[in-house]
Amino acid sequence: MAKKIAHILLEGVIQKENEKYNQKWLLETISELKKDKHTAGILLYINSPGGSVFESDEVYVALKKYKEETKKPVWAYFGALAASGGYYIGCAADKIIANRNTLTGSIGVIAGRFVDLTELMAKHGIKSETIHAGRNKTMGSFDQPVTEEQRAIMQSVADECYGQFTALVAENRRLELEAVTSLADGRIYTAQQAKALGLVDEIATFDEAVDMLKTELFGSKDAKVEVKKYELKKKRSLIKVLKGAAAGVGGTEALALARLIQKKQLPFPAYYYDQGLTDE
């Protein structure tokens, strides 16, 4: 009998890779858990402001496939922030539990943000020209105003992604699409507000969420079950360590060393590599 709950920690901006988040690691972790016969289900801890539509949807699909192929549950627990793409991923869960101080929602899409510097450039006598083919190829460039056609193009992208997001929320939260569209104006919601709207199921501490899942899976919150944490191993940056040392004794030399390494003027010290430090 399976006697383990997989506690996956998802935090940071959802994109290919950054200091706190790694898409490849997360997808591989979910994939490996499909094969683990000792795991009874997943408890996904989400603390994220959101991020890319592409990566968010990849994780959502991976979790749905996990449930479909293993017949095991996925529960989501929302930490301080589970907004936009973070909420998107949470919708793959059979049950969503939020901390009482969670901020969630932010159901909406940003397709693009353009800056038009043409007037400023003209004022200072600056000219810029891009040789291109296709009238919208340079769409969004700082040296040309956005046309109505280009606004319509980007709005269509936003609308399509928004339609996918709201339909996904309606399907998984068992809400009417019209109701979801009404509440999905991009705003964030408190845990209490989200529960009243049907965006989350319960409000509890993380430990209480674990007990709820144990009871669901094993009939008792006191069941002897391992809750195994799966967390991205963060790599400490040698550059940051040396810059941090600049405030202490020998700080000037440490900062100079950091700058030299950053510029690749020094070989990476093997000692620090062995300590788990990496040159970013």
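Up top is the structure these notes are about.
Source: prediction; values computed, not measured.

K.L.:
I tried to follow unusual backbone geometry on my own but got confused; where do I start?
P.N.:
Across the chain, the bulk of peptide bonds are trans and the bulk of non-glycine residues have phi less than zero. Located in the positive-phi region is K71, a residue other than glycine, with phi close to 60°. Positive phi outside glycine occurs at S106, with the angle close to 55°. Looking at where S106 falls in the secondary structure, it is placed in the loop between strand 5 (103–105) and helix 4 (118–123). A relative accessible area of 19% places S106 in the buried class.

K.L.:
For this particular structure, what's the right way to read the environment of L117?
P.N.:
Of note, L117 is situated in the loop between strand 5 and helix 4. Between the alpha carbons of L117 and D143 there is a distance of 5.7 Å; along the sequence they are 26 residues apart.

K.L.:
Explain the packing of helix 1 (residues 23–35) against helix 2 (residues 53–70) to me, please; I cannot follow it from the model alone.
P.N.:
To describe two helices that pack against each other, one gives the angle between their axes and the distance between the axes. Interhelical geometry of helix 1 versus helix 2 gives an angle of 5° and a closest axis separation of 10 Å. By the angle between their directions, the pair helix 1 and helix 2 is classed as roughly parallel. Counting all contacts with helix 1, which are made through Q23, L26, L27, I30, L33 and K34, the residues of helix 2 involved are E55, E58, V59, A62, L63, K65, Y66, E69 and T70. Residues belonging to the contact of helix 1 with helix 2 are distributed by class as follows: 8 nonpolar, 2 polar and 5 charged.

K.L.:
What is the right way to look at the environment of I89 in this model?
P.N.:
Position of I89 among the secondary structure elements: in helix 3 (residues 85–90). Along the chain, I89 and A76 lie 13 residues apart, while their C-alpha atoms are 8.9 Å from each other. Filtering out sequence-adjacent residues up to four positions away, I89 remains in contact with L10, I14, L44, I46, S56, V59, Y60 and L63.

K.L.:
I'm lost on the pairing of strand 2 (residues 39–48) in this one. Help?
P.N.:
Walk down a regular strand and you will see the side chains alternate between the two sheet faces. Most of strand 2 sits out of view: 8 of its 10 residues are buried. Here strand 2 pairs with strand 3 (residues 74–83) via 6 bridges, running parallel. Along strand 3, the bridge assignment pairs I46 with F78. Following the backbone out of strand 2, through helix 2 and into the adjacent parallel strand 3, one traces a crossover that is right-handed.

K.L.:
Can you help me understand helix 1 in this one?
P.N.:
For an α-helix, 3.6 residues make a turn, and residues three or four places apart therefore share a direction. Helix length check: helix 1 (13 residues) gives 19 Å between terminal C-alpha atoms against 18 Å at 1.5 Å per residue, within 8%. Among the residues of helix 1, those classed as buried are Q23, L26, T29, I30 and L33. Around the axis of helix 1, the buried residues are gathered within 135° of arc, so they sit on the same side. Seen from the buried face of helix 1, the exposed residues on the opposite side, beyond 90 degrees, are K24 and K35. Contacts made by the buried residues of helix 1 are with strand 1 (4–11), strand 2, helix 2 and strand 8 (226–230). The residue sitting at the N-terminus of helix 1 and contributing the capping side-chain oxygen is N22; that oxygen lies 3.1 Å from the backbone nitrogen of K24.

K.L.:
Would you mind showing me how to read the nonpolar core here?
P.N.:
Most often, soluble globular proteins have nonpolar side chains that are buried together. One finds F78 and Y87 to be the most contacted residues of the largest nonpolar core, which totals 42 residues. Ranked by residue count, the leading element in this core is helix 2, at 5 residues. Here Y87 is in contact with F78, A82, I96, T104, G105, I107, F165, V169, R173 and L199, once residues within four sequence places are set aside. Listed in part, the 14 residues of the second largest apolar core include A40, W75, A204 and F218.

K.L.:
Any chance you could explain the packing of aromatic side chains here in plain terms?
P.N.:
When we look at a pair of aromatic rings, we describe it by the centre distance and by the angle of the planes. Across all of its chains, the model carries 6 aromatic pairs by this definition. Between Y45 and Y77, the aromatic rings sit 5.5 Å apart at their centres with planes inclined by 35°, giving tilted as the arrangement. On the criterion of sequence distance, the pair formed by Y45 in strand 2 and Y77 in strand 3 is long-range, its members being 32 residues apart. We classify Y45 as partly exposed; its relative accessible area is 21%. For Y77, a relative accessible area of 1% translates into the label buried. A ring pair is formed by F78 and Y87, whose centres lie 6.0 Å apart and whose planes are at 70°; its orientation type is edge-to-face. An aromatic cluster is present here, built from Y45, Y77 and F206 joined pairwise through their rings.

Each value, and the rule that gives it
Residues numbered from 1 in each chain as written. Predicted model: local features only at pLDDT ≥ 70, side-chain atom pairs only at ≥ 80, totals over all residues. Heavy atoms only, no water. Helix = DSSP H or I, 4+ residues; strand = E, 2+ residues; numbered from the N terminus. Buried < 20%, exposed > 50% of the residue type's maximum accessible area, 1.4 Å probe, protein only. Axes fitted to C-alpha atoms, helices over the stretch in contact; angles between N-to-C directions. Parallel < 35°, antiparallel > 145°, perpendicular 65-115°, else oblique. Contact = heavy atoms within 4.5 Å. Nonpolar A, V, L, I, M, F, W, Y, C, P; charged D, E, K, R; others polar. Pairing = 2+ DSSP bridges. Right-handed = clockwise from strand over helix to strand, strands pointing away. Expected span 1.5 Å × (residues − 1). Arc of directions from axis to C-beta. Polar contact = N/O pair within 3.5 Å; in protein donor to acceptor, adjacent residues only side chain to side chain. Core = buried A, V, L, I, M, F, W, Y, C linked by side-chain atoms within 4.5 Å. Phe/Tyr/Trp six-rings, centres within 6.5 Å; stacked < 30°, edge-to-face > 60°.

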